[in-house]
Each structure stands twice: as structure tokens, then as C-alpha cells.
Amino acid sequence: MNTENRNVVLKLVDAAHAKVESFYPETAVYKGTPEWKEKRRLLLADLALHLTQDALKGETINEVKLKSHLFAILKISAEFFPEGNFEKAAALVDETIETV
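Below is a short write-up of the structure. Just so we're clear, the structure is a prediction, and the values are computed from it rather than from any experiment.

Overview of the overall build of the protein chain
- On a plain count of helices and strands, the protein chain comes out with four helices and zero strands.
- When the elements of the protein chain are put in sequence order from the N terminus, they spell out α-α-α-α.
- With respect to the three principal axes, the spread of C-alpha positions in the protein chain is 45 × 35 × 20 Å.
- Evaluated residue by residue, the protein chain yields a buried proportion of 23% over its 100 residues.
- The contacts of the protein chain with a sequence gap of at least 6 include a subset with a gap of at least 24, amounting to 56%.
- Accessible surface for the protein chain amounts to roughly 7100 Å². Of this, 59% is attributable to carbon and sulfur atoms.
- Charge-centre separation for the protein chain: the mean point of 13 positive side chains lies 2 Å from the mean point of 16 negative side chains.

The structure is reproduced here in C-alpha cells:
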């Protein structure tokens, strides 16, 4: 992907990112409520957009930022699918964050 195309995609991602963040609740939400679940879904989308930005910004990918966003995505995914292996995957990513 050339720089011009990358910038086009990043502009769209930035717009989507701003839109997702605009939907965050303005009042406190509490764990276990439907509002909490919706907020976590928005956060998951927000982090996925950050991951896209990590992949496309600059000439190289920032490994620390990439791992941090992957870790957060896996931790939130584990909340939605506790029977899955997301928590284990997050722990593996977390181990490598410390060594970077």
C-alpha cells in the first residue's frame, strides 16, 4: 500500500474512531448492566480501530503499542467469551509486553 492510500484509509479510520468514541456513555455505568456490556463493546471497537492505526501509521509498526492493544482486545474478548482461550492468549501477550 502506498503512502497516499494509507493516508486515505487512516482518515476513514480516524473518522470511525471519533464516531465510536462519541457513543460512549456520558454517565457512569456499572458492571453487570446492559449499559456496561454496550460500553465494553464500544471499547472493543475502539481498540480494533487503534489496532488498524498501529498497523498503518508510519513506516514501521510500533511493537509496544501493537502488543498493548492486542492485550486489551483479548482481555475484553474474555469478558464476552469466558469459556474461550482469550484470557490465556492475553497472558501470553502480557508476558511479551514486559520484555519489550
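Some thoughts on the side chain of His69
- By the element assignment, His69 lies in helix 3 (residues 63–80).
- Setting aside chain neighbours within four positions, we find His69 in contact with Leu47, His50, Leu51 and Asp54.

Some points on the packing of aromatic side chains
- Taken as a whole, this structure holds one aromatic pair when the rule is applied.
- Where Phe81 meets Phe86, the ring centres are 6.0 Å apart and the plane angle is 35°; that geometry is what we call tilted.

Some details on the pattern of salt bridges
- Here the structure, examined in full by the defined rule, presents four salt bridges.
- For the salt bridge of Glu79 with Arg40, the shortest nitrogen-to-oxygen distance reads 2.6 Å. With Glu79 in helix 3 and Arg40 in helix 2 (residues 34–56), the pair connects residues that are 39 residues apart, well separated along the chain.
- Judged by relative accessible area, Arg40 falls into the buried class, the value being 17%.
- Where Glu63 meets Lys67, a salt bridge forms, and the shortest distance between an N and an O atom there is 2.9 Å. Of this pair, Glu63 and Lys67 are both found in helix 3, four residues apart, which corresponds to roughly one turn of the helix.

Cut-offs and rules
- Residues numbered from 1 in each chain as written.
- Predicted model: local features only at pLDDT ≥ 70, side-chain atom pairs only at ≥ 80, totals over all residues.
- Heavy atoms only, no water.
- Helix = DSSP H or I, 4+ residues; strand = E, 2+ residues; numbered from the N terminus.
- Buried < 20%, exposed > 50% of the residue type's maximum accessible area, 1.4 Å probe, protein only.
- Contact = heavy atoms within 4.5 Å.
- Areas by Shrake-Rupley, 256 points an atom, 1.4 Å probe, with all protein chains shown as cover.
- Lys, Arg positive; Asp, Glu negative; His and termini not counted.
- Charge placed at Lys NZ, Arg CZ, Asp CG, Glu CD.
- Phe/Tyr/Trp six-rings, centres within 6.5 Å; stacked < 30°, edge-to-face > 60°.
- Salt bridge = Lys/Arg side-chain N within 4 Å of Asp/Glu carboxyl O.

Bear in mind that shape data such as this cannot, by itself, settle questions of function.
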